[in-house]
Amino acid sequence: MKPWIAVMCLLLIAVFSFSACGGGNDAGNKGSSSSSNSSGEPDKPKTPAEERQAVANRMAAAAEALDAEALKTLFLPEEHANAEKRIGSEWRGMKAEGITVKAKTPTIEEVEGKFIATFAMTITTKDGKAEDESNKLSIIEKDGKYYMSFKR
């Protein structure tokens, strides 16, 4: 067997083994779960902390994709217009300019009984200039669900 074929086979085995074991951390999953419960539905976060982290992860994933439409599910309906004005229109412009975003896993801290998510990201222009940026949003709970919010 040619040496390059053996190397490729070993690489494929390593990749499949890594992915079968769940491979590494789930920072790339941005809140999605690959496990299922007995009904075949993906498992939902169970604790309030997990639910807050899941909504923050979905926000980070939307930022990376510059997906302004995803904002509607992350904010309460009464904040949709503000989210569009403050974030959505900016993301649409960035996407049109060929800007890319790489987000880190958001961190959440409790400050005076309120939860604040910090989103650290690297924004890269079409010509390759990169700039680190950090933004904060509140996480609020309403009717047992967690949402991003501009309210502090």
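It should be noted that the structure appears before, not after, this text.
Basis of the calculations
- Residues numbered from 1 in each chain as written.
- Predicted model: local features only at pLDDT ≥ 70, side-chain atom pairs only at ≥ 80, totals over all residues.
- Heavy atoms only, no water.
- Bend = angle between axes of the 7 residues up to and from the residue.
- Helix = DSSP H or I, 4+ residues; strand = E, 2+ residues; numbered from the N terminus.
- Buried < 20%, exposed > 50% of the residue type's maximum accessible area, 1.4 Å probe, protein only.
- Expected span 1.5 Å × (residues − 1).
- Salt bridge = Lys/Arg side-chain N within 4 Å of Asp/Glu carboxyl O.

*Asks:* Would you mind going over helix H4 (residues 80-96) with me for this structure?
*Replies:* Note on helix geometry: an α-helix contains 3.6 residues per turn, so any two residues three or four positions apart are oriented the same way. Along H4, the sharpest change in direction is near 35° and occurs at Ile87. All of the buried residues in H4 are Ala83, Ile87, Gly88, Trp91 and Met94. Gly98, located one to two residues past H4, shows a positive phi value of around 80°.

*Asks:* Looking at this structure, how should I read helix H2 (residues 48-65)?
*Replies:* Across its 18 residues, H2 extends 26 Å between first and last C-alpha, which sits within 8% of the 26 Å expected from 1.5 Å per residue. Buried residues of H2: Arg52, Ala54, Val55, Ala56, Asn57, Met59, Ala60, Ala62 and Ala63, and no others. Downstream of H2 by a residue or two, Leu66 has a phi angle that is positive, lying close to 50°.

*Asks:* How do you make sense of the pattern of salt bridges when you look at a structure like this?
*Replies:* Side chains that differ in sign of charge can pair as their charged atoms come close. Following the criterion strictly, the structure yields 6 salt bridges and no others. Salt-bridge contacts for Arg92 lead to Glu69; the nearest nitrogen and oxygen are separated by 2.6 Å. Of this pair, Arg92 sits in helix H4 while Glu69 is found in the loop between H2 and helix H3 (71-74), placing the two residues 23 residues apart along the sequence. Its salt-bridge partner being Arg92, residue Glu84 comes within 2.7 Å of it at the nearest N-O pair. Taking the relative accessible area as the measure of exposure, Glu84 reaches 32% and is therefore partly exposed.

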